[in-house]
Amino acid sequence: MYIIFLGAPGAGKGTQAANMARKLNLVHIASGDLFRQALEQGTELGIKAKSYMERGVLVPSQITIDMVLEHISAPDGEGGAVLDGFPRNLEQAEALEKALAQQGKAIDKVVYIKVSKEELLKRLSGRWICRQCQTPYHAPDSPPRVWGKCDKCGGELYQRPDDTEESVRKRLEVYSAETAPLIDYYGRVGKLVEIDGEGSEAEVDRRITAALGGER
Ligand code: ADP
Ligand code: ZN
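Okay, so let's go over this structure. Counting of residues starts from 1 at the beginning of each chain's written sequence and follows it residue by residue. In the order they appear in the text, chains get letters beginning with A and ligands get numbers beginning with 1. Reporting in this predicted model follows two pLDDT cut-offs: at least 70 for local features of residues, and 80 or more for side-chain atom pairs to be given and counted; totals over whole chains, interfaces and linings ignore these cut-offs and use all residues. Computation of side-chain values: all heavy atoms of the structure, hydrogens and water removed.

Examining helix H7 (residues 165–179)
Logical step 1: Segments assigned H or I by DSSP are reported as helices when at least four residues long, segments assigned E as strands when at least two residues long, and all are numbered from the N terminus. Expected span of a helix, by definition, is 1.5 Å for each gap between consecutive residues, and there is one gap fewer than residues. Relative to the 21 Å expected for 15 residues at 1.5 Å per residue, H7 spans 20 Å between its end C-alpha atoms, a close match to the ideal helical length.
Logical step 2: The complete set of buried residues in H7 reads Ser167, Val168, Arg171, Leu172, Val174, Tyr175 and Thr179. Buried residues in H7, looked at end-on, bunch into an arc of 160°, giving them a common side. Residues Glu165, Glu166 and Ala177 are exposed on H7 and point more than 90 degrees away from its buried face.
Logical step 3: We call two residues contacting when some pair of their heavy atoms lies within 4.5 Å. Along its buried surface, H7 packs onto strand S1 (2–6), helix H3 (44–55), strand S4 (109–114), helix H6 (117–124), strand S5 (127–130) and helix H8 (181–188). Partly exposed residues are those whose accessible area sits between 20% and 50% of the maximum for their type, while under 20% is buried and over 50% is exposed, using a 1.4 Å probe and protein chains only. Read the arc as the range of directions from the helix axis to the C-beta atoms.

This is the structure we're talking about:
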């Protein structure tokens, strides 16, 4: 089973995709996390991606496509995956479809998490993320129990360098121009499931579970 999580920066894709991957026993492939890991490790991929990420624009599609497809065809990803942050434009969506089709596979569902722009802006300013397990926290709405430390794994919390006001504005612009058209694209082929992304993490989780379960 292959499920795509679609939504604006700050919509909660990462959190919900990770939860759903755990429940369905699928690998969670998050393109942004893969780029951030490459950056921390100082690999060639990380060096290539750095300036794009800082500016909040998309990393060139071919680099991204190669990286994600490599994970999908690795043994872990072969039985299915939850894709988070990919595809992010039509070119990536078409490349993914083609690569899956070559292996006799296809996308099953696309979960679109919808959140208002005001809420997105609020969530992204004040966001702190665990360096180890990527769990997000929010000051002041959902702070960790101990300031600076992850509740789940004790990892160090940090603010993403692209969560500055300017990068956030740019990321939202890029999302509207390049990624939002995918909502129509997957809607037309009947794969889109639209989920209200406002409310608590648990509430959104229940909505997604119901929507996916109800159709299987
Ligand atoms: P968010 O959805 O909060 O903006 P991500 O962690 O998904 O954050 O992505 C961070 C950055 O990584 C993006 O702004 C972009 O530069 C790069 N990136 C992630 N996924 C892709 C992708 N599929 N195509 C191109 N660039 C990507
Ligand atoms: Zn953690």
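Things to note about the side chain of Thr135
Logical step 1: Relative to the helices and strands, Thr135 resides in the loop between S5 and strand S6 (136–138).
Logical step 2: Those residues in contact with Thr135 that lie beyond four places of it in its chain are Trp128, Ile129, Cys130, Cys150 and Lys152.

Describing the packing of aromatic side chains
Logical step 1: Each aromatic pair joins two rings of Phe, Tyr and Trp (for Trp, the six-membered one) with centres within 6.5 Å, and gets the label stacked for planes under 30 degrees apart, edge-to-face for over 60, and tilted for any other angle. Taken as a whole and assessed by the stated rule, the structure comprises two aromatic pairs.
Logical step 2: Relative to Trp147, the ring of Trp128 has its centre 5.3 Å away and its plane inclined at 70°; by these criteria the two rings are edge-to-face. Taken together, the residues Trp128 in strand S5 and Trp147 in the loop between S6 and strand S7 (157–158) connect sequence positions 19 residues apart.
Logical step 3: Taking the relative accessible area as the measure of exposure, Trp128 reaches 23% and is therefore partly exposed.
Logical step 4: For the pair Tyr185 and Tyr186, a centre-to-centre distance of 5.0 Å together with 80° between the ring planes defines the contact as edge-to-face.
Logical step 5: Judged by relative accessible area, Tyr185 falls into the buried class, the value being 16%.
Logical step 6: Among the residues examined, Tyr186 registers a relative accessible area of 2% and is labelled buried.
Logical step 7: Geometrically, a lysine NZ or arginine CZ counts as sitting over a ring once it is within 6 Å of the ring centre and also within 35 degrees of the ring normal. The ring of Tyr158 carries the charged tip of Arg131 above its face, separated from the ring centre by 4.4 Å.

Here's the deal with the site of ligand 1
Logical step 1: Among the 20 residues in the neighbourhood of ligand 1, the closest are listed as Ser31, Arg36, Val57, Gln92 and Arg171.
Logical step 2: Between Lys13 and ligand 1, the recorded distance is 3.2 Å, taken from a side-chain N or O atom to an oxygen atom.
Logical step 3: A 3.5 Å cut-off defines polar contacts: any pair of N or O atoms within that distance qualifies, except that in protein one atom must be a possible hydrogen donor and the other a possible acceptor, and neighbouring residues in sequence count only when both atoms are side-chain atoms. A distance of 2.8 Å separates an oxygen atom of ligand 1 from a polar side-chain atom of Arg36.
Logical step 4: Contributions of two or more residues to the shell around ligand 1 are made by helix H2 (31–41) and H3.
Logical step 5: Looking at which element gives the most residues to the shell around ligand 1, the answer is H2, with four residues.
Logical step 6: Ten residue types, Ala, Val, Leu, Ile, Met, Phe, Trp, Tyr, Cys and Pro, are classed as nonpolar, four, Asp, Glu, Lys and Arg, as charged, and the remainder, Gly among them, as polar. Counted by class, the shell around ligand 1 contains eight nonpolar, five polar and seven charged residues. A cutoff of 4 Å decides nearness: a residue is near a molecule or strand if any of its heavy atoms lies inside that distance of it.

A few points about the pairing of strand S3 (residues 81–84)
Logical step 1: Burial along S3 is two-sided: the face carrying Ala81 and Leu83 and the face carrying Val82 and Asp84 are both buried.
Logical step 2: Pairing between strands is defined by DSSP: at least two bridges between the two strands are required. Pairing of S1 with S3 involves four bridges; the strand directions are parallel. Across the sheet, Ile3 pairs through a bridge with Val82, a residue of S3.
Logical step 3: Bridge count for strand S2 (residues 27–30) against S3 is four bridges, and the pairing is parallel. Within S3, the position partnered with Val27 by the bridge is Ala81.

Quick word on the packing of helix H5 (residues 90–102) against H8
Logical step 1: Packing of H5 against H8 brings their axes to within 10 Å, and their N-to-C directions diverge by 35°. Across the interface between the two elements, Leu90, Ala93, Glu94 and Glu97 of H5 pack against Leu182, Tyr185 and Tyr186 of H8.
Logical step 2: Here the contact of H5 with H8 is built from residues that sort into five nonpolar, no polar and two charged. Comment: axis = line fitted to C-alpha atoms, over the contacting stretch for helices; angle = value between 0 and 180 degrees taken between N-to-C directions.

So, the sheet that holds S1
To summarise the sheet geometry, strands pair through backbone hydrogen bonds and adopt either a parallel or an antiparallel arrangement.
Logical step 1: Ordered by their spatial adjacency, five strands build an open sheet running S2-S3-S1-S4-S8, and the pairing between neighbours is parallel. Of all strands in the sheet, those bounded by a partner on one side alone are S2 and strand S8 (192–196). Taken pair by pair, the neighbouring strands of this sheet meet at an average axis angle of 20°, ignoring direction.
Logical step 2: Sheet contacts for helix H9 (residues 201–213): S1, S4 and S8; angle to S8, the most-contacted strand, approximately 155°.

Focus: the coordination of the zinc ion (ligand 2)
Logical step 1: Atoms are scored as donors when they are N, O or S and lie within 2.8 Å of the metal, with 3.2 Å used for Na, K and Ca; no water is included, so coordination may look incomplete. Cys130 (SG), Cys133 (SG), Cys150 (SG) and Cys153 (SG) make up the full set of protein donors to the zinc ion (ligand 2), lying at 2.3 to 2.4 Å.
Logical step 2: Around the zinc ion (ligand 2) sit four donor atoms; with metal-centred angles ranging over 99 to 116°, the donor geometry is tetrahedral.
Logical step 3: Sequence spacing of the donor residues for the zinc ion (ligand 2), all on one chain, is C-x2-C-x16-C-x2-C. Separated by 20 residues along the polypeptide, Cys133 in the loop between S5 and S6 and Cys153 in the loop between S6 and S7 bring together distant segments of the chain. Four donors are marked tetrahedral only if all angles between them lie between 85 and 135 degrees, whereas four are marked square planar and six octahedral if opposite donors are more than 155 degrees apart and the other angles lie between 65 and 115; the remainder are marked irregular.

On their own, these measurements won't tell you what the molecule is for.
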